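Overview (structure and organization)
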There are 2 protein chains.
Amino acid sequence: VILIDGRPQAHISVLDRGLAYGDGVFRTMLARAGAVRSWPRHFHKLHADCLALDIECPAEGVLAADMREILRVEPDCVLKIIVTRGCGGRGYAPPFAPESTRIVAAFPLPRLRPDAVTVGVRVRWCSTRLSIQPALAGVKHLCRLENVLARAEWTDPGIAEGLMLDTEGRVIEGTMSNLFLLERGQWVTPDLSGCGVAGVQRDRLMALLAASGASCAVERIAPARVMAADLLLLVNSVIGVWWISRLEERHWQPGDLVGPIAQRLEQGDD
Amino acid sequence: VILIDGRPQAHISVLDRGLAYGDGVFRTMLARAGAVRSWPRHFHKLHADCLALDIECPAEGVLAADMREILRVEPDCVLKIIVTRGCGGRGYAPPFAPESTRIVAAFPLPRLRPDAVTVGVRVRWCSTRLSIQPALAGVKHLCRLENVLARAEWTDPGIAEGLMLDTEGRVIEGTMSNLFLLERGQWVTPDLSGCGVAGVQRDRLMALLAASGASCAVERIAPARVMAADLLLLVNSVIGVWWISRLEERHWQPGDLVGPIAQRLEQGDD
């Protein structure tokens, strides 16, 4: 089921700037039993990302109405929202009075790895780097070729995710997830002021850690620190949380922290 | 007039990866009296850009047939070709056997500044920087948010173009054009191995300079060199060639080189 500007349709104009220039933003969310997980956080992030690009964000109520219509048909799904700057003529200059396009679409739930919490996931290093662009860092915009090229580096279904460095060699994130390291009892997550997507689930885990008295530092992180960490977590709004059991030739055990974190992220309604 | 995969239509699937991820490439070309200027060069570049992203490029004859159909109706226009990786499910991983989407569209000729050759154009520096990504440098892909943000920095119609630096402060290009400097009789154009779009008109001007015995160096260029240059040219396939008459507070005169260069680029059929 797909709604474009509130109407059931599946095609957009080829003049839409989302296609022409990647001139838009998006969100990917989990819906269960007709409810979108962490919707207030997702809307807040969508709004902030639109603001970063000076795109008019649809009102919360308008998007919520679109989602309700879709969730009546597909109560359990992955919901994707795309907001673009709308149609324009040829040329990079934004139209004088652009009308943004909103797309809300349901996708099937992925076959989630049922053993992700107990067995963990295997990941790899990607050779595709993330370029450094502070003006767009953190924003989930439509220009995602680097993620596409990184994800195209492997086809082995046994590898769940790839970790990406920026062009200066610092660890930033997974191709579709944010990374957390546990180092001698201290949580750390990569600084995203130069590149990367600051996901909602990353915010949620940082808030959860803070609420439980375990702060999380935001730092520039070299690959060697990842290899030496005591525990590595990957999070996004669809997978929830994964722990890394293997990265190249290094293996990890989950310890007793992963279960409670996964449970609290799953059950929390923030 | 717009053809998508050879059929007259103006809408593409919202599942197309060109929209979802900027996962595609494009060309913008000038057509006069039913003929596309420098088509062999444009097809060669389109093919190379598809190869860089591992996207299947439509055959030359297929694109030529699309263009003939459009040019029968609109013999004088700006032609745009977009090739995307085609539709896919959700997720960055390219589909197992993607079928690329081809879009060929005609746009009205821009109101070209009739005085560009005699009077020159005024340009500015943009504050939006180009990020450095050697894996995508030179490729005219659909992820163009940096160009959009740079072009959105000014609305004064008296300013024809903005010059962009990379995140390390080197001069790369205009938002929609390539730059050439003349320094004490020596032509120089910015090195695009880190970012920027290597346009067909840039190739043509370099070839023209070489053929006339005046080589063109490709170098890393600091902004101060631009301000100190004896002559600055901007080129793209639609505008042809512009000379810069003013950049911030510095003014230039065209000398006697611009007219012949403009004429030879305009008349050449390479």
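Here the structure is shown first, and the text comes after it.
Residues numbered from 1 in each chain as written. Chains lettered and ligands numbered in written order. Predicted model: local features only at pLDDT ≥ 70, side-chain atom pairs only at ≥ 80, totals over all residues. Heavy atoms only, no water.

Re the relation of the copies chain B and chain A
Between the two copies, chain B and chain A, the superposition gives an RMSD of 0.0 Å; the rotation angle is 180° and the shift along the axis is 0.0 Å. In short, the pair behaves as if placed about a two-fold rotation axis. In this assembly, 100% of the residues forming the interface of chain B have copies in chain A that are likewise at the interface, indicating an isologous arrangement. (Least-squares fit on C-alpha atoms with pLDDT ≥ 70 in both. Contact = heavy atoms within 4.5 Å.)

Section: helix α6 (residues 200-211) of chain B
Helical periodicity: at 3.6 residues per turn, an α-helix aligns residues three or four positions apart in one direction. Residues and elements named next belong to chain B. For α6, built from twelve residues, the straight-helix expectation of 16 Å at 1.5 Å per residue is met to within 8% by its first-to-last C-alpha distance of 16 Å. Burial in α6 covers these residues: V200, Q201, R202, R204, L205, L208 and L209. G213 lies just past α6 and shows a positive phi near 85°. (Helix = DSSP H or I, 4+ residues; strand = E, 2+ residues; numbered from the N terminus. Expected span 1.5 Å × (residues − 1). Buried < 20%, exposed > 50% of the residue type's maximum accessible area, 1.4 Å probe, protein only.)

Things to note about the packing of helix α2 (residues 39-53) of chain B against α6(B)
Residues and elements named next belong to chain B. Viewed as axis vectors pointing N to C, α2 and α6 meet at an angle of 125°, and their least axial separation amounts to 10 Å. One finds that α2 runs oblique with respect to α6. Here the hand of the crossing between α2 and α6 comes out right-handed. Here R41, H42 and K45 of α2 lie close against α6, whose contacting residues are V200, D203, R204 and A207. The class makeup of the residues in the contact of α2 with α6 is two nonpolar, one polar and four charged. (Axes fitted to C-alpha atoms, helices over the stretch in contact; angles between N-to-C directions. Parallel < 35°, antiparallel > 145°, perpendicular 65-115°, else oblique. Left-handed = near helix turned anticlockwise from the far one by under 90°. Nonpolar A, V, L, I, M, F, W, Y, C, P; charged D, E, K, R; others polar.)

Section: the pairing of strand β4 (residues 24-32) of chain A
Residue and element names in this part refer to chain A. With eight of nine residues buried, β4 is to be regarded as a mostly interior element. For β4 and strand β6 (residues 77-84), the ladder comprises eight bridges, and the chain directions are antiparallel. Note that in β6 the partner of F26 across the bridge is I82. Relative to strand β5 (residues 35-36), β4 runs antiparallel, the two sharing two bridges. (Pairing = 2+ DSSP bridges.)

Side note on the nonpolar core
M67(A), L79(A), I81(A), M67(B), L79(B) and I81(B) are the most contacted members of the largest nonpolar core, which has 54 residues in total. Residues contacting L79(A), with those up to four places away along its chain left out, are R27(A), T28(A), M29(A), V36(A), M67(A), I70(A), L71(A), V104(A), A105(A) and A106(A). Membership of the second largest hydrophobic core comes to 34 residues, among which are L19(A), A20(A), Y21(A) and I82(B). (Core = buried A, V, L, I, M, F, W, Y, C linked by side-chain atoms within 4.5 Å.)

Focus on unusual backbone geometry
The phi dihedral of D54(A) falls on the positive side, at around 60°, and the residue is not glycine. Phi at A33(B) takes a positive value of approximately 50°, unusual for a residue other than glycine. Turning to its location among the elements, A33(B) is positioned in the loop between β4 (24-32) and β5 (35-36). Relative accessible area serves as the criterion here: at 67%, A33(B) is assigned to the exposed category.

Re the sheet that holds strand β2 (residues 7-8) of chain A
Residue and element names in this part refer to chain A. Reading across the sheet, the six strands line up as β2-β1-β7-β6-β4-β5 and stay open at both edges, with antiparallel pairing between neighbours. The strands lining the two open edges of the sheet, one partner per strand, are β2 and β5. With respect to the sheet, helix α3 (residues 60-73) is in contact with β1 (2-4), β4, β5, β6 and β7 (101-107), its orientation differing from that of β7 by roughly 30°.

Thoughts on the interface of chain B and chain A
Listed as interface residues are 51 residues of chain B and, on the opposing side, 51 residues of chain A. In total, about 4300 Å² of surface goes out of reach between chain B and chain A, with carbon and sulfur atoms giving 72% of it. When the buried area of chain B at its contact with chain A is split by residue, R90(B), Y92(B) and L145(B) rank highest and sum to 20% of it. Counting across the interface, chain B meets chain A through zero salt bridges. At the surface where chain B touches chain A, the tally comes to twelve residue pairs in polar contact (both at pLDDT 80 or more). When contributions to the side of chain B that touches chain A are tallied by element, the ones reaching two or more residues are β1 (2-4), β3 (11-13), α1 (17-21), β4, β6 (77-84), β7 (101-107) and α5 (145-151) of chain B. In terms of residues, the side of chain B that touches chain A owes the most to one element, α5(B), which gives six residues. Broken down by class, the residue content of the side of chain B that touches chain A amounts to 30 nonpolar, twelve polar and nine charged. (Buried area = accessible area lost by both parts, 1.4 Å probe. Salt bridge = Lys/Arg side-chain N within 4 Å of Asp/Glu carboxyl O. Polar contact = N/O pair within 3.5 Å; in protein donor to acceptor, adjacent residues only side chain to side chain.)

Re the pattern of salt bridges
All names here are of chain B. Going through the model one piece at a time under the given rule, you end up with 26 salt bridges over all chains. Across the salt bridge formed by D49 and K45, the nearest N and O atoms sit 3.0 Å from each other. Pair noted here: D49 and K45 are both in helix α2, with a separation of four residues, about one helical turn. The pair D49 / K45 is uniform in exposure class, with both members buried. Where R102 meets D66, a salt bridge forms, and the shortest distance between an N and an O atom there is 2.6 Å. Placement of the pair is R102 in strand β7 and D66 in helix α3 (residues 60-73), with a sequence separation of 36 residues.

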